[in-house]
Amino acid sequence: MKMMMHCHSGVEKGIKKGGNPVEVMGLCMGRPDTQDTTILIVTDVFPLPIEGFETRVIADDQNVVNYMIQLQESSEKMRKEKFMGWYHSHPFDVGKYSNCFLSSTDLSTQLQWQRSEDGHGNPFLAMVIDPLRSLAKNTPVLEAFRAYPPEYNSPIANECPDGTIALDESARLERWGSCWQRYYTLSVEYFMSQQSRRIMESLTKNFLWIRTLGSTPVLLEGEYVEQYPERVNALAEKIRVVSSAAPERRRIVAGKEKESNELDNICQGVVELANEKIHGNIVQVAKKNLNDCKNISGRIGRVSRIVHW
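Residues numbered from 1 in each chain as written. Predicted model: local features only at pLDDT ≥ 70, side-chain atom pairs only at ≥ 80, totals over all residues. Heavy atoms only, no water.

I keep staring at the side chain of H6 and nothing clicks. Help me out?
Take H6: it is sitting in helix α1 (residues 2-16). Using a relative accessible area of 12% as the deciding quantity, one classes H6 as buried. Beyond its immediate sequence surroundings of up to four residues, H6 is in contact with V24, M25, P47, L48 and Y87. (Helix = DSSP H or I, 4+ residues; strand = E, 2+ residues; numbered from the N terminus. Buried < 20%, exposed > 50% of the residue type's maximum accessible area, 1.4 Å probe, protein only. Contact = heavy atoms within 4.5 Å.)

Any chance you could explain the pattern of salt bridges here in plain terms?
Opposite charge on two side chains permits them to pair, given that their charged atoms come into close proximity. Applying the stated criterion across every chain, the model contains six salt bridges. In this structure, the salt-bridge partner of D44 is K2, at a minimum N-O distance of 2.9 Å. Linking D44 in strand β2 (residues 40-52) with K2 in helix α1, this pair joins segments that are 42 residues apart in sequence. Ionic pairing is found between E143 and R175, a salt bridge with its closest N-O pair at 2.5 Å. With E143 in strand β5 (residues 142-147) and R175 in helix α5 (residues 169-176), this pair connects stretches of sequence that are 32 residues apart. Here E143 and R175 have matching classes, each one buried. Beyond isolated ion pairs, a larger network of salt bridges with shared partners links K2, D44, R79 and E81. (Salt bridge = Lys/Arg side-chain N within 4 Å of Asp/Glu carboxyl O.)

Looking at this model, I keep getting lost on the nonpolar core. Mind explaining?
With 30 residues, the main nonpolar core has L27, L48, W86, L102, L107 and Y183 as its most contacted residues. When residues no more than four places from it in sequence are discounted, the contact partners of Y183 are F101, L102, L107, F145, R146, A147, Y148, P161 and W176. Residues M4, V42, V45 and A144 belong to the second largest nonpolar core, which totals 14 residues. (Core = buried A, V, L, I, M, F, W, Y, C linked by side-chain atoms within 4.5 Å.)

Help me understand the confidence of the model for the protein chain in this model?
Caution applies to low-pLDDT parts of the model: their predicted coordinates are not meant to be read in detail. Looking at the protein chain as a whole, the pLDDT averages 78, with 75% of positions reaching at least 70. Counting interchain partners and residues more than four positions distant, the pLDDT-below-50 stretch residues 249-259 has 11 contacts. (pLDDT = per-residue confidence, 0-100.)

Would you take a moment to explain the packing of aromatic side chains for this structure?
Centre-to-centre distance and the angle between the planes together describe a pair of aromatic rings. Under the counting rule described, the total for this entry stands at five aromatic pairs. Aromatic side chains F46 and F83 sit 5.6 Å apart centroid to centroid with 80° between the ring planes, which places their arrangement in the edge-to-face category. Of this pair, F46 sits in strand β2 while F83 sits in strand β3 (residues 82-89); the two residues are 37 residues apart in sequence, bridging distant segments of the chain. Assigned by exposure class, F46 and F83 land together as buried. On the basis of an interplanar angle of 90° and a centroid distance of 5.2 Å, the ring pair of F145 and Y183 is categorised as edge-to-face. Highlighted residues: F145 in strand β5 and Y183 in strand β6 (residues 183-186), separated in sequence by 38 residues. (Phe/Tyr/Trp six-rings, centres within 6.5 Å; stacked < 30°, edge-to-face > 60°.)

Quick look at the structure:
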């Protein structure tokens, strides 16, 4: 949650200045799992006073370096965990793919960390957060990475960081960046203490309407816009197939015709698609009305004010 709040603050700060959202960076604290050292547990994060633009967030300023040294010294006195990773945001426009990838600058930074820490039994990881997509999807969109050694060459041609094979070079570059063959993904799971869970459940219950109005995937998510016609066409094709075979599929129950379960499932899918569209339209109308009320209040002088771990 701290990490997502920090990344969202970078978005707000850049927009308030009349420009683009700014990238932010921080350090992750945690430890390897005691039973399986291939599992890295992140228990806390610490924002750093660093900002950047367009895949360039570099911690090379002397003031930032001194800040990191002081932060590490103070944490060693009070915490048992170590700094075992870093995170930064990619606040780019929401498109077909997630913006969670490592740029050439990110990869260089990660390799430096791994050379420095891995040899001391502290495997270092990199995390990238897509704050704008997180807002659009109403769920944290992030991924964790490790870099391959410079001398490593994958034995599998066209293998992407997530292990999939992509033959289309433009698709690989668009999704994973120009360094797609130099790093790999780590699976991410979330855990939460009982007290944190109770707090989050209370906030979700009491302020669910804020989350509903704060996200409209029908308009904000390019992925949704592209997939919606495909889903409609898929249902239409299923209806055509079922309808052509309707005489064989129907049966008589208590003197009435009843369609097969397959047709019932298709109808349910149609209802779900329609409800998604209706919900998106209703939310947009509500937002417009709320915004109109805010503008009217301003004119008459009234003042109104994305583990995780």
